[in-house]
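# Summary of structural features
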Amino acid sequence: MAVKLSVNINKVALIRNSRGGNLPNLKQVAIDCEEFGADGITVHPRPDERHVRYSDLPVLKECNTTEFNIEGYPSEQFLNHVKTVKPHQCTLVPDPPGVLTSSEGWDVLRHKELLSRVIASLQDDGIRVSLFMEPDAKQMSYAKEVGADRVELYTGRYADNYHDDRELAVAEHVGAGREANLLGLGLNAGHDLNLDNLAYYCQQVPGLLEVSIGHALITDSLYYGLQNTIMMYLQKCK
Ligand code: PXP
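Residues numbered from 1 in each chain as written. Predicted model: local features only at pLDDT ≥ 70, side-chain atom pairs only at ≥ 80, totals over all residues. Heavy atoms only, no water.

What follows concerns the pairing of strand β3 (residues 68-72). Most of β3 sits inside the fold, with five of its five residues counted as buried. On β3, burial covers both faces: F68, I70 and G72 on one face and N69 and E71 on the other are all buried. For strand β2 (residues 40-43) and β3, the ladder comprises three bridges, and the chain directions are parallel. Opposite V43, over in β3, you have I70 as the bridge partner. Between the parallel pair β2 and β3, the chain is carried across by helix α3 (residues 56-63), and the sense of this crossover is right-handed. Pairing geometry for β3 and strand β4 (residues 89-92), over four bridges, is parallel. Counterpart to G72 in the pairing with β4 is L92. Read as a crossover between parallel neighbours, the route from β3 over helix α4 (residues 76-85) to β4 is right-handed. (Buried < 20%, exposed > 50% of the residue type's maximum accessible area, 1.4 Å probe, protein only. Helix = DSSP H or I, 4+ residues; strand = E, 2+ residues; numbered from the N terminus. Pairing = 2+ DSSP bridges. Right-handed = clockwise from strand over helix to strand, strands pointing away.)

In structure tokens:
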């Protein structure tokens with residue numbers, strides 16, 4: 001079965017926000033991504049709203065015909081918006097306000113109480129919850145203990161090391177993936193995945209359900225166009 005491709009449209013919102021108007025139109029881009037074959041749309045609202053804004057969330061949920069995934073740090077503000085909009089999936093990320101991008105997974109034991117409480121509360125609203133995690137097999141059981149439905153493995157270091165030694169770069173993801181599979185946790189992945197490193201990752205990591213990709217995909221679309229680019233990424237997910 002093909003791994004699902006959720007397109008992260010944060011960078012599209014960043015371009016829109018740089019001019020203050022509505023160009024590019026984020027809602028239309030989300031509709032078009034789905035039309036071109038994307039299996040889902042991902043957004044990551046941050047407290048300064050430099051990418052997607054909280055006011056975009058209901059609009060994007062309303063037009064969504066596939067799967068809507070909202071990522072972010074579980075602040076009270078973030079959780080209020082997520083619980084109002086009710087996306088299909090919420091991915092909890094431990095990034096502090098002001099950070100450029102997410103670059104590490106949860107230390108689940110350290111945030112056990114917060115995560116258990118937040119996960120149960122989101123699940124009460126029918127929202128599937130995924131935890132952004134380091135590719136560390138030992139940590140998977142902690143994610144299970146706090147009640148997560150899925151984990152999203154952080155692929156930043158895999159991407160960094162892919163061209164040096166891809167077997168080594170993917171090894172800990174294979175181990176973490178196996179453990180997640182054994183525990184019955186669904187498996188997602190994301191960060192710095194691109195047309196070079198995606199196919200190998202999808203082939204190697206067992207039971208991978210979904211990748212979310214933003215930066216490289218939106219960059220590639222400058223050269224190939226959005227429709228072609230999505231088709232190229234979908235090919236790599238097969
Ligand atoms: N997953 C998470 C948790 C993220 O924060 C991001 C970036 O917003 C991504 C996936 C996608 O990463 P990229 O933009 O490098 O494809």
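This brings us to the packing of aromatic side chains. Counted under the stated rule, the structure contains five aromatic pairs. Between F132 and Y154, the aromatic rings sit 5.5 Å apart at their centres with planes inclined by 75 degrees, giving edge-to-face as the arrangement. Remark: Y154 occurs in strand β6 (residues 150-154) and F132 occurs in strand β5 (residues 128-133); sequence separation between them is 22 residues. F132 gets classed as buried once you look at its relative accessible area, which sits at 3%. (Phe/Tyr/Trp six-rings, centres within 6.5 Å; stacked < 30°, edge-to-face > 60°.)

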